[in-house]
Amino acid sequence: MSLKIRPVWFLLSIVILIELGYTRLIPIPALQSAWLSYKYIPILCLAIFLYSLTYRKSVGNHGFYSRYAYLVIIFFVVESLYPIIMNGAPLNEVISSGIRFLILLVPAVVLDRTRIQHMGRFINYVVRATVIMLIFRFILWGIYTTTNHTFLTHLFYYFRYYNGVYRMDGSALCMPVLIYEWYNFLYSKSRKSKIMHLSCASIAGCYVIVVNQSRALAICMIITLLLMWLMIEARMAWKVISILIGIIIIYLLATSSYMMDLVASLSPSDAVYGGSTSVRTDAIEYYLSVKGVSAVGFGFLPASDAYISLLRGSGGNYYFEDLGIMGVLFSNGIFGVALYILPIFRTIQLYFKLKKRKLREATFMIGFIAYNIVGLVSLSQFDSQDRKSGSAG
């Protein structure tokens, strides 16, 4: 007997609408506040998890993500107590600083306590809602860029006019939707289905490149999609041809003006983006000297006036979110890194099981593996708000 999921999917639907910014379209100040997403999404996730516990007799509760959920709870308690004991930080500020980690409880509900057939309709809803919002934001970006007239900017966590263009966040769902739709495009049989899935993937991909303008996310996206594409052919001859085609595409991308600018921007000496690259290296040196490698890092130390210089340096230019897995290590220590990489290892394990059985879902898994592993350098799924959607550059 499976979990009675109607309340779960209803609450998850509210989470998705808040995350994508639909509630910010409602002219009510409380619904347009950034705190609605930052604080209430984790609270809803906790409610979803607690609700699922009421059905523990009717579903399996010993899957990986159920055990992972209890590890999240221990992590939350330890990381909360550390700054209270060591720094005298107020309890309410500490909880507010770390509350986003409660989102990690949701996989225990969705992946361990429900059956896969119950997820299809919900996933389609998420894809449609995400693509529609990305199109809407794309239109806004076009209006901002062509007319320099801005409105509805409260839809974005990150909104900045930089180097002659606007840079805006997308959503934490942007890359997962892109991977999912690219996977469906690769395996769709009908032309209509292929066009539909490719259109959705293209919208998400173009948004990352044109609107987000995140260097790290763009590189991660290209590598992820290419790896998924190279996996679809079973015969070795076609794989060789695919690899050759991939090399040609990489060469063409590498010699294009966009990719040349993208690669050049990674150098600290680059006139436009070099400053942010240099800040990242300086941040690593700073955090190593202040905290080093520890079990819990800074914990959930709040970024209030009392601790801001400790967390972000004297100039306030350092952010854990810009350092990928290194930022997780400095912020939440070895415990945080373990919490971060365990789902990646689980996904790798599932990939080999699916690959051994020659199931096409292995391609879908490799997409998420590539996205997370390539992103370890400068992207973090533990980022606060939508920084992981491209605001960090």
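Refer to the structure above for everything that follows.
Rules of the game
- Residues numbered from 1 in each chain as written.
- Predicted model: local features only at pLDDT ≥ 70, side-chain atom pairs only at ≥ 80, totals over all residues.
- Heavy atoms only, no water.
- Helix = DSSP H or I, 4+ residues; strand = E, 2+ residues; numbered from the N terminus.
- Buried < 20%, exposed > 50% of the residue type's maximum accessible area, 1.4 Å probe, protein only.
- Contact = heavy atoms within 4.5 Å.
- Areas by Shrake-Rupley, 256 points an atom, 1.4 Å probe, with all protein chains shown as cover.
- Patch = residues over 30% accessible without salt bridge, like charges linked within 9 Å, V, L, I, M, F, W, Y side chains within 5 Å.
- Salt bridge = Lys/Arg side-chain N within 4 Å of Asp/Glu carboxyl O.
- Phe/Tyr/Trp six-rings, centres within 6.5 Å; stacked < 30°, edge-to-face > 60°.
- Lys NZ or Arg CZ within 6 Å of the ring centre and 35° of its normal.
- Axes fitted to C-alpha atoms, helices over the stretch in contact; angles between N-to-C directions.
- Parallel < 35°, antiparallel > 145°, perpendicular 65-115°, else oblique.
- Left-handed = near helix turned anticlockwise from the far one by under 90°.
- Nonpolar A, V, L, I, M, F, W, Y, C, P; charged D, E, K, R; others polar.
- Expected span 1.5 Å × (residues − 1).
- Core = buried A, V, L, I, M, F, W, Y, C linked by side-chain atoms within 4.5 Å.

(A) Just the overall build of the protein chain, in detail. Within the protein chain, the regular secondary structure consists of 16 helices and 2 strands. Taken over 393 residues, the protein chain has a buried fraction of 47%. Residue pairs in contact within the protein chain that sit at least 24 positions apart in sequence constitute 73% of those at least 6 positions apart. With an accessible surface of roughly 19,300 Å², the protein chain has 68% of that area assigned to carbon and sulfur atoms.

(B) Region of the structure containing a nonpolar patch on the surface. Nonpolar side chains collect at one region of the surface, where Tyr 70, Ile 73, Val 77, Leu 81, Ile 85 and Met 86 lie side by side and expose about 570 Å² of accessible area between them. Considering the arrangement of structural elements, one finds Ile 85 in helix 4 (residues 64–87). For Ile 85, a relative accessible area of 65% translates into the label exposed.

(C) Focus on the packing of aromatic side chains. As enumerated under the stated definition, the model contains 23 aromatic pairs in all. On the numbers, 6.2 Å between centres and 75° between planes, the contact of Phe 49 with Tyr 70 is edge-to-face. Taken together, the positions of Phe 49 in helix 3 (residues 34–53) and Tyr 70 in helix 4 put the pair 21 residues apart, joining distant regions of the chain. By relative accessible area, Phe 49 is classed as buried at 1%. Residues Phe 298 and Phe 320 carry aromatic rings whose centres are separated by 5.7 Å and whose planes lie at 45° to one another, so their mutual orientation is tilted. A residue pair is termed long-range when its members are at least 10 positions apart, and Phe 298 in the loop between helix 13 (274–290) and helix 14 (308–312) and Phe 320 in the loop between helix 14 and helix 15 (325–356) qualify at 22 residues. Take Phe 320: its relative accessible area is 15%, and that puts it in the buried class. By way of ring pairs, the aromatic residues Tyr 286, Tyr 287, Phe 298, Tyr 318, Phe 320 and Phe 330 are connected into one cluster. The side chain of Lys 194 reaches across the aromatic face of Phe 185, ending 4.7 Å from its centre.

(D) Molecular detail of the packing of helix 15 against helix 16 (residues 361–374). Interaxial distance between helix 15 and helix 16 falls to 9 Å at its minimum, and their mutual angle equals 155°. On the basis of their axis angle, the class for helix 15 and helix 16 is roughly antiparallel. Crossing of helix 15 over helix 16 shows left-handed handedness. Residue-level contacts link Ile 344, Thr 347, Ile 348, Leu 350, Tyr 351, Leu 354 and Lys 355 of helix 15 to Glu 361, Ala 362, Met 365, Ile 366, Ile 369, Asn 372 and Ile 373 of helix 16. Residue composition of the contact of helix 15 with helix 16, grouped by class: 10 nonpolar, 2 polar and 2 charged.

(E) Inspection of the packing of helix 10 (residues 215–230) against helix 16 at higher detail. Close contact between helix 10 and helix 16 brings their axes to 9 Å; oriented N to C, the two are set at 155°. With respect to helix 16, the axis of helix 10 lies roughly antiparallel. The handedness of the crossing between helix 10 and helix 16 is right-handed. Of the residues in helix 16, those in contact with Leu 217, Cys 220, Ile 223, Thr 224, Leu 227 and Met 228 of helix 10 are Thr 363, Phe 364, Ile 366, Gly 367, Ala 370, Tyr 371 and Val 374. Classifying every residue of the contact of helix 10 with helix 16 gives 10 nonpolar, 3 polar and no charged.

(F) Main features of helix 8 (residues 174–187). The first and last C-alpha atoms of helix 8 sit 20 Å apart over 14 residues, in line with the 20 Å expected at 1.5 Å per residue. Among the 14 residues of helix 8, 13 are classified as buried, and the element is accordingly described as predominantly covered.

(G) Local environment of the environment of Gly 205. One can find Gly 205 in helix 9 (residues 191–212). Along the chain, Gly 205 and Cys 174 lie 31 residues apart, while their C-alpha atoms are 8.4 Å from each other. Sequence-distant contacts of Gly 205, that is, excluding residues within four places in its chain, are made with Leu 178 and Met 221.

(H) Inspection of the nonpolar core at higher detail. In terms of nonpolar packing, the biggest core is built from 50 residues, with Leu 12 and Tyr 287 touching the most fellow members. Every element with two or more residues in this core is listed here: helix 1 (6–20), helix 3, helix 4, helix 6 (106–110), helix 7 (120–147), helix 13 and helix 15. Those residues in contact with Tyr 287 that sit more than four places away from it in its chain are Gly 292, Phe 298, Leu 311, Arg 312, Tyr 318, Tyr 319, Phe 320, Leu 323 and Phe 330. By size, the runner-up hydrophobic cluster in this structure holds 35 residues, among which are Met 168, Cys 174, Met 175 and Trp 182.

(I) How the structure looks around the environment of Ile 223. Tracing the sequence through the fold places Ile 223 in helix 10. The class of Ile 223 is partly exposed, set by a relative accessible area of 34%. Note: C-alpha distance between Ile 223 and Ala 370 (147 residues apart in sequence) is 7.4 Å.

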